[in-house]
Amino acid sequence: MTEKVCSVVEKKVIKVAIIEDFKLTRVGLRCALNENDDLKVVAEAEDAVEGLKLVEKEKPDVILMDLGLPGMNGIEATVKVKEMMPQVKVIALTSHDREEGVIAALSSGASAYCLKDIDPTKLADVVRDVSTGVCWIDPMVSQMALNSFPKVENIGFLPGKSQSEGRVPLTEREYEVLKHLVAGKSNTEIAKELIVSVHTAKAHVCSILQKMCVNDRVQAAVKAVKEGMV
Ligand code: CA
């Protein structure tokens, strides 16, 4: 696990861009995010071409990217953004719940996949988490994403499985954290649930990712459900 994900990130204003063709949604997102002192919407666009220009100019930390844009769609735009500015994090935003949409969005380099009916407080948390390198997928759609993965042999990480079986077991605590992770909870929420510091929650997540040989929490959640760990 990289130090970037595990280290304590200092508080700063996170710059956000919104690329969304539906004006009312755009205004709603802007108002919801700007209510937070640590979040600031610095650019808004109604299509991908205009959006990419603004992103280059304003250099946001996070982009809320509608997938259903006219012309160049949000997935193509995400690929372009990640090529241009790999450090920028993208949250794919959609009202669609088709599984191929989820997979396409995540493989385009998006860090998170949110349905548009997400609670505004939760969305603010996702923006903060994503800006620190964390990935997140709406639990409502993670199950659909799983359905489109090919089945693989269960290699198992359940507590109690021994090293001699060639598996790296999670501790009871990590297993508990994994269940919260699959439920789509942020590190802050996991810390609250377990009554531990956010730093400790992050450390557990980092350890889980290492043991499960995955790069991020989305992959961990997908693997956990697919292999019947939760
Ligand atoms: Ca749209």
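Calculation notes
Starting afresh in each chain, residues are numbered from 1 along the sequence in its written order. Where totals are concerned, whole chains, interfaces and linings use all residues; where local detail is concerned, this predicted model gives features only for residues with pLDDT of at least 70, and gives and counts side-chain atom pairs only at 80 or more. Side-chain metrics in this entry use all non-hydrogen atoms of the structure; hydrogen atoms and water are not considered. UniProt positions are given in the numbering used here, feature names are shortened, and annotations may be inferred rather than shown by experiment. Where helices and strands are cited, they refer to DSSP runs of H or I of at least four residues and of E of at least two residues respectively, numbered from the N terminus. Exposed residues in this analysis have more than 50% of their type's maximum accessible area, buried residues have under 20%, and partly exposed residues fall in between, with area computed by a 1.4 Å probe over protein chains only. The criterion used for residue contact is that any of the two residues' heavy atoms lie within 4.5 Å. The donor definition counts N, O and S atoms within 2.8 Å of each metal and applies 3.2 Å to Na, K and Ca; water is not among these atoms, so some sites may look incomplete. Any helix carries an expected span of 1.5 Å times its number of residues minus one. Whenever two N or O atoms come within 3.5 Å, that pair is a polar contact, provided that in protein one can donate a hydrogen and the other can accept it, and provided that, for residues adjacent in sequence, both atoms are side-chain atoms.

In the annotation of an unreviewed UniProt entry, the entry for the chain reads Response regulator transcription factor, and the organism field reads Candidatus Scatousia excrementipullorum.

**Things to note about the UniProt feature "modified residue: 4-aspartylphosphate" (unreviewed entry) in the chain**
Sequence positions flagged by UniProt for "modified residue: 4-aspartylphosphate" (unreviewed entry) are, in local numbering, Asp 66. With respect to the helices and strands, the residue Asp 66 is situated in strand β3 (residues 62-66). Given the relative accessible area of 3%, Asp 66 is considered buried. Beyond its immediate sequence surroundings of up to four residues, Asp 66 is in contact with Ile 19, Glu 20, Asp 21, Gly 74, Leu 93 and Lys 116.

**Remarks on the coordination of the calcium ion**
Coordination of the calcium ion by the protein involves Asp 21 (OD), Asp 66 (OD) and Gly 68 (O), with metal-donor separations of 2.2 to 2.4 Å. Here the donor residues for the calcium ion map to a single chain with the spacing D-x44-D-x1-G. Of this pair, Asp 21 sits in the loop between β1 (14-19) and α2 (23-34) while Gly 68 sits in the loop between β3 and α4 (74-84), and the two are 47 residues apart along the sequence.

**Looking at helix α6 (residues 120-131)**
Under the 1.5 Å per step criterion, the end-to-end length of α6 is 17 Å for twelve residues, consistent within 8% with the ideal 16 Å. All buried positions along α6 are accounted for by Lys 122, Leu 123, Ala 124, Val 126, Val 127, Asp 129 and Val 130. A distance of 3.0 Å separates the backbone nitrogen of Thr 121 from a side-chain oxygen at the start of α6, and that oxygen is part of Asp 119. Two residues or fewer past α6, Gly 133 is found with a positive phi of approximately 105°.

**A closer look at the environment of Val 230**
Position of Val 230 relative to the elements: it lies in the segment after α11 (217-226). Here the alpha-carbon distance between Val 230 and Val 182, two residues 48 residues apart in the chain, equals 8.0 Å. In contact with Val 230, other than residues within four places in its own chain, are Tyr 175, Leu 178, Lys 179, Val 182, Ala 224 and Val 225.

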